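# Remarks on the overall topology
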Amino acid sequence: MPQPPALAFSPQQFSAIPARWLLGAGLASLLLRAWISETFPISGDEAFFYWWGVYLDWGYSDHPPMVGWLIGLMRATLSDSIWAIRLPAVLLPLALGAALWWGLKSVNRTRAAWAVLLFWLAPLNWLYAIITTDTPLIFWSALSVAALMRAEHRPRLDRAAWGLYALSGVLLGCAFLSKYFSVVLGFTYLMYFLLYRRERLAAFGVLLLCALPGPAVNIAYNMSHGWSNIMFNVYNRNEDARFELRKPLLYIVMMAYLVTPGALWLALRHRKPLWAAAPSQRLLACLVVVPVLFFALLSVKKVIGLHWVLSFYPFGFAYLAFALPADKLKTCAKGLAVFAGLHVLVVAGLYLTTLETWRSAKIYPQIVRSIKTADILRQASSPGTVLMADSYTAASIYGFERRQYMPVFGVGKFHARQDDMLVDFSLYQGKTLRILTPDKPRPEEFQPYFEKVSVNAFMQDGVTFHVVEGTAFNYPAYRAGVLGEAFRRFYNIPVWLPMTGCPFCERYCGQVRCPR
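Residues numbered from 1 in each chain as written. Predicted model: local features only at pLDDT ≥ 70, side-chain atom pairs only at ≥ 80, totals over all residues. Heavy atoms only, no water.

This part is about the overall build of the protein chain. When you go through the protein chain residue by residue, the secondary structure sums to 26 helices and four strands. Radius of gyration (C-alpha) of the protein chain: 25 Å, near the 24 Å computed for a compact globule of 516 residues. Here the protein chain holds 516 residues, and 51% of them are scored as buried. In the protein chain, the proportion of contacts linking residues at least 24 apart, taken out of those at least 6 apart, comes to 74%. Here the protein chain displays about 23,200 Å² of accessible surface, and carbon together with sulfur accounts for 65% of that area. Side chains of the protein chain give 48 positive and 29 negative charges; the mean places of these two sets differ by 12 Å. (Helix = DSSP H or I, 4+ residues; strand = E, 2+ residues; numbered from the N terminus. Rg over C-alpha atoms; globule rule 2.2 N^0.38 Å. Buried < 20%, exposed > 50% of the residue type's maximum accessible area, 1.4 Å probe, protein only. Contact = heavy atoms within 4.5 Å. Areas by Shrake-Rupley, 256 points an atom, 1.4 Å probe, with all protein chains shown as cover. Lys, Arg positive; Asp, Glu negative; His and termini not counted. Charge placed at Lys NZ, Arg CZ, Asp CG, Glu CD.)

This part takes up the layout of surface pockets. The volume enclosed by the second largest pocket comes to roughly 1,200 Å³. In this structure, the second largest pocket is lined by 37 residues; those nearest its centre are Val259, Leu274, Val288, Val289 and Val292. Mapped onto the lining of the second largest pocket, the elements with two or more residues apiece are α10 (182-196), α14 (246-259), α15 (261-269), α16 (271-277), α17 (282-298) and α18 (313-323). The biggest single contributor to the lining of the second largest pocket is α17, with twelve residues. By residue class, the composition of the lining of the second largest pocket is 33 nonpolar, two polar and two charged. (1 Å grid on protein atoms, 1.4 Å probe; cavity = no way out; pocket = protein on both sides within 12 Å on 5 of 7 lines; lining within 4 Å. Points joined across faces, edges and corners; volume = space filled by probe spheres on them. Nonpolar A, V, L, I, M, F, W, Y, C, P; charged D, E, K, R; others polar.)

Let's shift gears to the nonpolar core. One recurring pattern in soluble globular proteins is that nonpolar side chains are buried together. Counting residues in hydrophobic clusters, the biggest one holds 134 residues, and the most contacted among them are Leu104, Tyr189, Phe295, Phe409, Phe450 and Phe473. Non-local contacts of Phe473, meaning those with residues more than four positions away in its chain, are made with Phe409, Phe425, Tyr428, Gln429, Gly430, Lys431, Leu433, Tyr449, Phe450 and Tyr478. In this structure, Ala380, Ala395, Tyr398 and Met406 belong to the second largest nonpolar core, which totals 20 residues. (Core = buried A, V, L, I, M, F, W, Y, C linked by side-chain atoms within 4.5 Å.)

In a beta sheet, neighbouring strands are held together by backbone hydrogen bonds and run either parallel or antiparallel to one another. Strand order in the open sheet made by the four strands is β1-β2-β4-β3, with mixed pairing throughout. Of all strands in the sheet, those with a lone pairing partner are β1 (386-389) and β3 (452-460), marking the two edges. Averaged over neighbouring strand pairs, the angle between their axes works out to 25° when direction is ignored. Sheet analysis places β1 next to strand β2 (residues 433-437), joined by four bridges and oriented parallel. By the bridge assignment for β2, Leu387 is matched with Arg434. Taken strand by strand, helix α20 (residues 364-371) contacts β3 and β4 (463-471), and its axis lies near 70° from that of β4. In the packing of helix α22 (residues 392-402) onto the sheet, the strands contacted are β1, β2 and β4, and the crossing angle to β1 comes to about 140°. (Pairing = 2+ DSSP bridges. Axes fitted to C-alpha atoms, helices over the stretch in contact; angles between N-to-C directions.)

What follows covers helix α9 (residues 159-176). A rise of 1.5 Å per residue sets the reference length of α9, with its 18 residues, at 26 Å; its end C-alpha atoms lie 26 Å apart and thus fit the reference within 8%. Packed against the buried residues of α9 are α4 (66-77), α5 (82-104), α8 (134-152), α10, α11 (201-211) and α12 (213-223). (Expected span 1.5 Å × (residues − 1).)

Bringing the packing of aromatic side chains into the picture now. Taken as a whole and judged by the stated rule, the model has 39 aromatic pairs. When the ring of Trp52 is compared with that of Tyr60, the centres are 4.5 Å apart and the planes differ by 5°; the resulting orientation is stacked. For the pair Tyr491 and Phe504, a centre-to-centre distance of 4.3 Å together with 5° between the ring planes defines the contact as stacked. Pair noted here: Tyr491 is in the loop between α25 (475-490) and α26 (503-508) and Phe504 is in helix α26, with a separation of 13 residues, a long-range link. Joined through ring pairs, the aromatic side chains of Phe409, Phe425, Tyr428, Phe446, Tyr449, Phe450, Phe473 and Tyr478 make up one cluster. Over the aromatic face of Phe400 sits the side chain of Arg403, whose NZ or CZ is 3.9 Å from the ring centroid. Cation over ring: Arg479 sits above Tyr508, and NZ or CZ is 4.4 Å from the ring centre. (Phe/Tyr/Trp six-rings, centres within 6.5 Å; stacked < 30°, edge-to-face > 60°. Lys NZ or Arg CZ within 6 Å of the ring centre and 35° of its normal.)

Looking only at α12, the buried set comprises Gly214, Asn218, Tyr221 and Asn222. When α12 is viewed along its axis, its buried side chains cluster within an angular range of 95° and face the same direction. (Arc of directions from axis to C-beta.)

To continue, consider the pairing of β2. Residues in a regular strand point their side chains to alternate faces of the sheet. Extensive coverage of β2 is indicated by the burial of five of its five residues. Because side chains alternate across β2, one face comprises the buried residues Leu433, Ile435 and Thr437, and the other comprises Arg434 and Leu436, equally buried. Looking at chain direction, β2 and β4 are connected through five bridges and run antiparallel. In the strand pairing of β4, Leu436 is matched with Val467.

This part takes up the environment of Val67. Here Val67 is to be found in helix α4. With relative accessibility at 0%, the residue Val67 sits in the buried group. Along the primary structure Val67 and Cys502 are separated by 435 residues, whereas in three dimensions their C-alpha atoms are 22 Å apart. Non-local contacts of Val67, meaning those with residues more than four positions away in its chain, are made with Phe49, Trp52, Ile131, Thr132, Thr133 and Pro136.

In this structure the tally under the stated criterion is six cavities of 30 Å³ or more. One number sums up the size of the largest cavity: a volume of about 180 Å³. Among the elements that take part in the lining of the largest cavity, α25 stands out by supplying five residues, more than any other. Looking at the lining of the largest cavity residue by residue, the classes come out as twelve nonpolar, one polar and five charged.

Turning our eyes to something else, we now look at the state of the cysteines. In total, this model carries one disulfide according to the counting rule given. What pairs with Cys509 in a disulfide is Cys514, and their sulfur atoms sit 2.1 Å apart. Disulfide Cys509-Cys514: the torsion about the S-S bond is -95°, which places it as left-handed. For Cys514, a relative accessible area of 7% puts it in the buried group. (Disulfide = S-S within 2.5 Å.)

Let us now look at the pattern of salt bridges. Inspection of every chain in the model, using the stated rule, returns 16 salt bridges. Residues Arg403 and Asp80 are paired through a salt bridge, measuring 2.9 Å at the closest nitrogen-oxygen approach. With a gap of 323 residues between them, Arg403 in the loop between α22 and α23 (419-422) and Asp80 in the loop between α4 and α5 connect regions that are remote in the sequence. Taking relative accessible area as the criterion, Arg403 reaches 36% and is therefore assigned partly exposed. For Asp80, a relative accessible area of 23% gives the class partly exposed. Arg378 serves as the salt-bridge partner of Asp375, at 2.0 Å between the closest nitrogen and oxygen. Placement of the pair is Asp375 and Arg378 together in helix α21 (residues 373-380), with a separation of three residues, close to one helical turn. Using a relative accessible area of 25% as the deciding quantity, one classes Asp375 as partly exposed. (Salt bridge = Lys/Arg side-chain N within 4 Å of Asp/Glu carboxyl O.)

As structure tokens, this is what we get:
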């Protein structure tokens, strides 16, 4: 593929810098991520996804199954400890750097090295040590793009090119089995081929065909599980979507932070070279522009989370590496290093604090719950009773500490409804339940489901926790009051969606599709 004049520079001037800096950035950031992964308490999302790795399946309540499979693999091959579960996230930036190098080195090896360096110097790559659904999504997306880049660099559609297009499609299918945001990557591919590579639309067809097993697995799972992914991602979570000016403004601020101030300033100052590089770096340009515009449009009604754009994050730095004037790459790297250093100092400061330091903070109860989990559970538990929580986040954290799944008592929210597939409340008929909650409970809300209800409180590091103890659990009443409300709110499954199964409905009414 032709390269723009801006890529010309003296190897003697730049070749030694990336190798020296790459080693330092890669090793230092790896060590910091490893330290964070070992010492930082498990987050609510991680604890929730942990159970996906325990109860392996072809899909889960909120998302496709890849993160559950990944955690299951770590548990089976390494251990059940938090460092093992987080290891894929710790190693992710190294894998992404390798993918960038593999995809770009045939264009220009030195610029490809700069792309890896700029990406590794981004602050998130120093701090991101938690495992979420985005971890496999980013990994498979980057590999898919790298394979497509290799295919596009081949001048003819030979056997190797066809194989690379097929590989890119398989990897895109794996990304789809990680998270639905992979659809944005597929859309980006479509726009690229329609705008710039119509002569290779057949190759895109092969790519798409090879990606289809991923959606096929997901559709089969949803048909047999009440379309839980679709209900969550398309219907339940979007009921409150409405325009607010703050949403697009937040998106702009977030993107400026992700690009980092130094890189953004250089991009604005050298916008002409960046624009001039687009014709020779069309795929990279599409990987930057199409997602940015897509999420900008979505931000009109939705708050765009920082993690939403991370599967495209590496390609922005790759484009900078290939489009900035050669003599500005070192300046860009230094700016990124300084910005990352500030983040490292903040993290160091946080680790120097104690629990007492946070006592006046609004999130202090959540901090206590995460750090003093074992102590809280010792105070809340009682022999001969079943311990539950009143929220999915709390239940997941408590359950991870005990390595025993903890059910959620109550209707819950639209997300994280894995309980509906794993918990059969009829098994608790007549038993004594203890519901752990940080908020002062109202006994009358629990009374209909028990013969007797009592409320106790205890202190943990200055935070009051409450335990509702209910004796002789009445499942029929719970089915009518709580499960019935959950059915009305979260299982309004469109009639046009074919169903072969629905664990919640089958327990609730004994049918695949309950009558409304």
